[in-house]
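# Coordinate analysis (summary)
The residues making up each chain are set out below.
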Amino acid sequence: MEKLDNLYREIIMEHYKNPRNKGLIDDPSYVTVHIKNPSCGDDITVQSKFVNGIVKDCRHDGHGCSICCSSASVMTETVIDKTTEEANKIADNYLLMVTNKSFDETIDLEEAAVYSGVRQFPARVKCASIAWQAFVETLKKGA
Ligand code: ZN
């Protein structure tokens, strides 16, 4: 568990400092969803582009704490180039994991798996969830 804790911190700081796929695109083929977390000021917009059942692109922008911003960056890297079905499964499992519910451990969450550490900090669960929730909403709206 200690190793995972260190990896968790490292990945959070790395993605917080160097966010991937950050910045929104003015393109109507993207599905846009905006979510706020009033408890700590996180404010995230996620944009997804779906082509033939594939997540062709996923972008994020906004501001918030390190957990929120880093998880948005990790999320985009995890879902891009997946089928919408795979991406949806990963997102569902991730959200079950961070909320400390039973989840399917056979599904590879890739780098996002380190956010299992957030279960120890209930106040931060929402921070780790909102980018993924926003992505799930883009799937519902546009996939
Ligand atoms: Zn937060």
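The preceding data block contains the structure.
Calculation criteria
Residues numbered from 1 in each chain as written. Predicted model: local features only at pLDDT ≥ 70, side-chain atom pairs only at ≥ 80, totals over all residues. Heavy atoms only, no water. Donors = N, O, S within 2.8 Å, 3.2 Å for Na, K, Ca; no water. Helix = DSSP H or I, 4+ residues; strand = E, 2+ residues; numbered from the N terminus. Buried < 20%, exposed > 50% of the residue type's maximum accessible area, 1.4 Å probe, protein only. Pairing = 2+ DSSP bridges. Expected span 1.5 Å × (residues − 1). Bend = angle between axes of the 7 residues up to and from the residue. Contact = heavy atoms within 4.5 Å. Axes fitted to C-alpha atoms, helices over the stretch in contact; angles between N-to-C directions.

In this section: the coordination of the zinc ion. Protein ligation of the zinc ion involves Cys-40 (SG), Asp-42 (OD), Asp-42 (OD), Cys-65 (SG) and Cys-127 (SG), the donor distances falling in the range 2.1 to 2.8 Å. If you list the donors of the zinc ion from N- to C-terminus, the spacing comes out as C-x1-D-x22-C-x61-C. One end of the pair, Asp-42, is in strand E2 (residues 42–51); the other, Cys-127, is in helix H4 (residues 125–142), with 85 residues separating them in the sequence. What makes Asp-42 buried here is its relative accessible area of 1%. Since its relative accessible area comes to 0%, Cys-127 is described here as buried.

Here the focus is the pairing of strand E3 (residues 54–63). Strand direction decides the pairing type here: E2 and E3, joined by nine bridges, are antiparallel. The partner of Asp-43 across the bridge, within E3, is His-63. In textbook terms, the turn of a hairpin is the stretch between consecutive antiparallel strands, and for E2 and E3 this stretch comprises two residues, one of which, Asn-52, has a positive phi near 50 degrees.

Another point: H4. In this model, H4 (18 residues) spans 26 Å end to end at C-alpha, consistent with the 26 Å of a helix rising 1.5 Å per residue. Along its length, H4 reaches its greatest deviation from straightness, about 30 degrees, at Ala-131. Within H4, the full set of buried residues consists of Val-125, Cys-127, Ala-128, Ser-129, Ile-130, Ala-131, Trp-132, Ala-134, Phe-135, Val-136, Thr-138 and Leu-139. Contacts from the buried residues of H4 go to strand E1 (31–37), E2, E3, helix H2 (66–79) and helix H3 (84–98).

Reading across the sheet, the three strands line up as E1-E2-E3 and stay open at both edges, with antiparallel pairing between neighbours. The open sheet has two free edges, formed respectively by E1 and E3, since each of these has just one partner strand. Between one strand axis and the next, the sheet turns through 20 degrees on average, direction left out of account. Alignment of E1 against E2, held across seven bridges, turns out to be antiparallel. For Asn-37, the partnering residue across the bridge sits in E2 and is Asp-42.

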